Amino acid sequence: MKRLLIILALAGTASLHSCVDLDITPKNIVTDNDLLNTPAGMDIYLARVYSMMPFEDFKYMGEWGFEYNGWLNSIGIEGTGEAVNRDGITTSFRGERTPYWGRAFETIRDANHIIENLPNYKDAFSEELYNHYLGEAYYIRATVFYTMAKRFGGVPLVTTLIQYPGTAEEMEVPRASEEETWDQVLTDFDQAASLLMPKSPKKGYANKFVALAFKSEAMLYAGSVAKYNQTVSGRLTGLGRKTGVRVIGFADDTWQDASKRYFTEAYKAAREVMKDGGYALYKKKWSATDKEAQYQNMVDMFSDLSSTENIYVKEYINPTSTHAFDAYNLPFTFRAPLSSGTCPTLDFIELFDGFDRYPDGSIRVTTGDNNASGNYIMYDSAADFFKNAEPRLRAYVIFPDDQFRGKQMEIRGGIYTGETPIKPLFSNYSYNSADTRYQNLDIYSKAPKSLYLSPREGNRQEIVDYNGNPMTAAGAEGPFYDNAEATNTGLYLRKWLNPSPNAEPGEGKSSQPFVLMRYAEVLLNAAEAAVELQLAGAATPDGSNLLQVASDAVNEIRERAGATKLTGTITADVTGRNIVRKERRKELAFEHKAKWDIRRWRVNHYEGRDGFWGENRDKNKFSNNENYRFRGIYPFFSTEEGKYFYDARFQWIASKTFGYTPVDYYWEIPGGEVAKSEVIDQQPNR
Amino acid sequence: MKKITWSGLLCLSILISSCSFFEQDNYAAPDVTLEGEVVDVLTGDRVLTDQGSEGIRVRLTELSWGDNVEPNPDFYCMQDGSFRNSKLFAGNYHITVDGPFIPLLRKDASGKELADESLVMDLSGSQKVKFEVQPFLRVEWVGEPTVQNGKVTAKVKVTRAVTPADFKAKVEPMGNYTDDLLQVTDVQFFVSYSSTVGYRARDERWSSELIYAGSTFEPLLGQTITLVSKEEIPEGRTVFVRAAARINFDTPTGTGTRRWNYNQAKEVLIK
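Residues numbered from 1 in each chain as written. Chains lettered and ligands numbered in written order. Predicted model: local features only at pLDDT ≥ 70, side-chain atom pairs only at ≥ 80, totals over all residues.

Visitor: Can you tell me about the overall build of chain A, naming the residues and giving the values?
Guide: Tallying secondary structure elements over chain A gives 19 helices and 16 strands in all. For a compact globule of 686 residues, the expected C-alpha radius of gyration is about 26 Å, and chain A comes in at 29 Å, within 12% of that figure. Considering only C-alpha atoms, chain A reaches an extent of 110 × 80 × 50 Å along its principal axes. Looking at chain A residue by residue over its 686 residues, the buried ones come to 50%. Within chain A, contacts between residues at least 6 apart in sequence are counted, and of these 69% link residues at least 24 apart. (Helix = DSSP H or I, 4+ residues; strand = E, 2+ residues; numbered from the N terminus. Rg over C-alpha atoms; globule rule 2.2 N^0.38 Å. Buried ≥ 20, exposed ≤ 12 C-beta atoms within 10 Å, placed from the backbone. Contact = placed C-beta atoms within 7 Å.)

As structure tokens, then:
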């Protein structure tokens, strides 16, 4: 019996052998054969790559970098002056918590994989579609190189598929010079533009004009860096310690040519989009005579997917792909679960038309020569102060007493019960005294008390009797001096927020699209490149009149915005250049653009800070020789007159200061990458 | 039941233990102390500075690790121009300082090393080093500061500590040389409650500055300059004051950080 069993077992084992090699592709592994030979496969391939693209939208935070989640998402708080909020994320754009380095090379590899392997499947597609997919790969690579170049300067230009495993020589790629890197960005965008279809074959895909529009943005960055590095003390250039390559900045004898070349490319690309792209500024509800219509038009344009102005849009879909921008940025009474993450500043609204000014150009709140002298100007309602404000500004920012989601936004800093006329509340409004706040004033803290403020909402509100009726010191929407969850500056953001009163509150409930590239920016790119070319004495690349193109672009944008149009043509000097820069600061606010603009203009460090706002402003008004800060505009109610007055003061709630030095124009290469590689250079000035 | 619990815990503690539980860390604690000072090569006086990243930076690179090494985390001199680090590992180090003086490590525009006056040495035990440098400027008090109406008035004299010819001889080969680099751009008057007064520990309400465009400071070199603090300092307080001046040259080159030469802090009673 036993023996029989052993024999059977042996026979069984022997009969299980076979002579066929197990050389078949496992069915559960997806290969090029499955992905690269049908449009459906390419959809899958590209969708995955796109999900890791470095898009700065509702899922990107300047302080944190590309972490692909929307936690606490706010916009314009990166020391750009557009906005501030209460948290540590309100800080200068001097680096990212998650540096865009390792992940960048993964995406570049995905692009290189298409470029090298798609030719094997050429026959599977029509020629047009085949070219388009190749174009997508170049577009992706250009985007990644561009994203890295504006952060680090020269980066390793990995343009082939590196085989792994391999020897160190095969796998290690040193950083190229900054000029070579920008040239690569240029080549890749050009390749993409020549291959991509003029219209995206599917929603979400790039097309020729997407590539050209981003090319103009990238080349504007490159041209500016080449030119304005020279304005920084020390010229901002240097050679890598390990390789001797000029990893940041441009050589003394090439920067001028490089700058002109890049501005020319920026201009050409933008002009091509203007001429052949078929895009136009969004004017569905616009009317030349009706400011209300102009305002409504600009509110609608950011969520209208059929907008003729949209060139490239990141869409979201409820409930599968959502973000939480509303949840973090709505006014205080809509809090769900947080609020007021983006509080626009007074310095920002000072860029816009429609306010009375002091002789130095700042917004007037008193009858004197500056906001520390004279008496406060009284307004019948808080909204009166803004009644002539540019419609575009109103579409971007919620003013005190304006409507949002069918509700009046009651924003009030406090109540003043003293006699009128009222002298400025503080004796000193200079930068150095910014940390003295309203609650430190004797008229608030000591008897006899004539200023009432609220530390918090609800039953912590101070109550003032006004004509027999109780009135809370602060408005329902704040500001509260002990609770920074309401407005910090007296203003709220309107742009991007869902205006519907029926919107479902909460995180992950928002699905507004983010417009990554729109036609207005292309116009401004053309205008800026044109002025820079004229300034450099370069010839027009296409025979057009540079300054006329610039003036027309600015006027077209101003007309739609309801702003005052130019009286003449833009001139080829710093004044003319600043007109374009300022228009850009205004139009593209809260779109993750300004933080790159002030960087490429090299106006963030102290010596260059006069140009911070795109126009010339005395830096010592908002900065000392180290840090800078921004102001709010706080409405107060006077019980004596029953009227409102405004006080302009440095950020009262959760006061933030920002710092920046020339070293920050090129971010540190992640230390680990430098330490583990024989060829990767750290920035030479670090 | 209890037995199961206990045996379970016993199993768990055996599972999570490992042999290195019972070994001592095999690496000795950093026990090397490096003390140093930065002095003016001509006078032997310490080069005074501010304790912060705008002061004198000390950078150590441990060469024992091979060619591809990154510098240790930087630290900065104390305000009297000396430094001390008592937590270093023994090894071979490249030691350099950057501050308001002619760079020790100089490279030309193509990255070729022109000179390196940094120290390369083995560190063990306790060691003292001295850097003899050529500061850009010398800032000296003239008389004692006076107080009137809560404002401090002080007189200082700023002179060059390195001759323009010397400066040019060493800096010109580094490329992009212009005579503008030598121009004195500003004189700062720092006031603070703290005896560590300087750029970092200044009180912005009172500190003031004088800015000089172009070469306007040139005739004032060696002359007495009067500095007055801003706004009123409360009576009865003791403050510390200090003056500093800098030229239009950033160190290390390319950082855009122009560092100041300081004088000694003085204590002033506001009465």
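Visitor: So what about the domain arrangement of chain A? Which residues, and what values?
Guide: All names here are of chain A. In terms of domains, chain A is made up of domain 1 (32-275) and domain 2 (316-512 + 630-659). Here domain 1 and domain 2 have C-alpha centroids that lie 40 Å from each other. Counting from both sides, the interface comprises 19 residues of domain 1 and, opposite them, 23 residues of domain 2. Residues that form the side of domain 1 that touches domain 2 fall into these classes: six nonpolar, ten polar and three charged. (Domains from an automatic or database assignment. Nonpolar A, V, L, I, M, F, W, Y, C, P; charged D, E, K, R; others polar.)

Visitor: Describe the packing of helix α4 (residues 102-117) of chain A against helix α5 (residues 127-152) of chain A, listing the residues and the values that go with them.
Guide: All names here are of chain A. Following both chains from N to C, one finds α4 and α5 inclined at 155°, their axes separated by 8 Å at the closest point. Taken together, the axis directions place α4 and α5 in an arrangement best described as roughly antiparallel. Considering the relative orientation of α4 and α5, their crossing is left-handed. For the pair α4 and α5, the contacting residues are Ala104, Thr107, Ile108, Ala111, Ile114 and Ile115 in the first and Tyr133, Leu134, Ala137, Ile140, Arg141, Val144, Thr147 and Met148 in the second. Residues that form the contact of α4 with α5 fall into these classes: eleven nonpolar, two polar and one charged. (Axes fitted to C-alpha atoms, helices over the stretch in contact; angles between N-to-C directions. Parallel < 35°, antiparallel > 145°, perpendicular 65-115°, else oblique. Left-handed = near helix turned anticlockwise from the far one by under 90°.)

Visitor: Tell me what's going on with the sheet that holds strand β7 (residues 414-416) of chain A, and back it up with residues and numbers.
Guide: In spatial order, the strands read β8-β7-β14-β15 (chain A); together these four strands make up an open sheet with mixed pairing. The two strands at the open ends of the sheet, each matched to only one other strand, are β8 (451-452) and β15 (643-650) of chain A. (Pairing = 2+ DSSP bridges.)

Visitor: Quick one: what's the story with the domain arrangement of chain B, residue by residue and with numbers?
Guide: Residue and element names in this part refer to chain B. Under the domain assignment, chain B is made up of domain 1 (32-133) and domain 2 (137-269). Relative placement of domain 1 and domain 2: their C-alpha centres are 24 Å apart. In this complex, domain 1 contributes 19 residues to the contact, which on the side of domain 2 involves 23 residues. A per-class count over the side of domain 1 that touches domain 2 returns six nonpolar, six polar and seven charged.

Visitor: Pulling in residues and values, what's your account of the pairing of strand β1 (residues 32-40) of chain B?
Guide: Residue and element names in this part refer to chain B. Inspection of the sheet shows β1 paired to strand β4 (residues 82-88) by five bridges, in the antiparallel sense. Directly across from valine 32, in β4, lies its bridge partner leucine 88. Where β1 lies against strand β9 (residues 126-133), eight bridges are found, and the strand directions are parallel. The partner of glycine 36 across the bridge, within β9, is valine 129.

Visitor: Account for the confidence of the model for chain A, naming residues and giving values.
Guide: When pLDDT is averaged across chain A, the result is 94; 99% of the residues are at 70 or more. Here helix α1 (residues 2-16) of chain A stands out as the element of chain A with the lowest mean pLDDT, 76, in contrast to helix α7 (residues 178-195) of chain A, whose mean of 98 is the highest. (pLDDT = per-residue confidence, 0-100.)

Visitor: Give a detailed account of the sheet that holds strand β8 (residues 119-123) of chain B, specifying residues and quantitative values.
Guide: All names here are of chain B. Here we have four strands laid out as an open sheet, ordered β3-β2-β5-β8, and antiparallel in their pairing. Looking at strand neighbours, the two that pair on one side only are β3 (75-76) and β8, the edges of this open sheet. Relative to strand β5 (residues 91-98), strand β2 (residues 57-62) runs antiparallel, the two sharing six bridges. Looking across to β5, one finds that valine 58 is bridged to valine 97.

Visitor: Give me the lowdown on the interface of chain A and chain B, citing residues and values where you can.
Guide: With 23 residues of chain A at the contact, the number on the chain B side is 15 residues. Class assignment for the residues of the side of chain A that touches chain B results in eight nonpolar, twelve polar and three charged.

Visitor: Let's hear about the environment of alanine 40 of chain A: which residues, and what values?
Guide: All names here are of chain A. By the element assignment, alanine 40 lies in helix α3 (residues 39-51). Note on alanine 40: 10 C-beta atoms within 10 Å, which makes it exposed. Through-space distance from the C-alpha of alanine 40 to that of tryptophan 652 is 55 Å; in sequence the pair is 612 residues apart.

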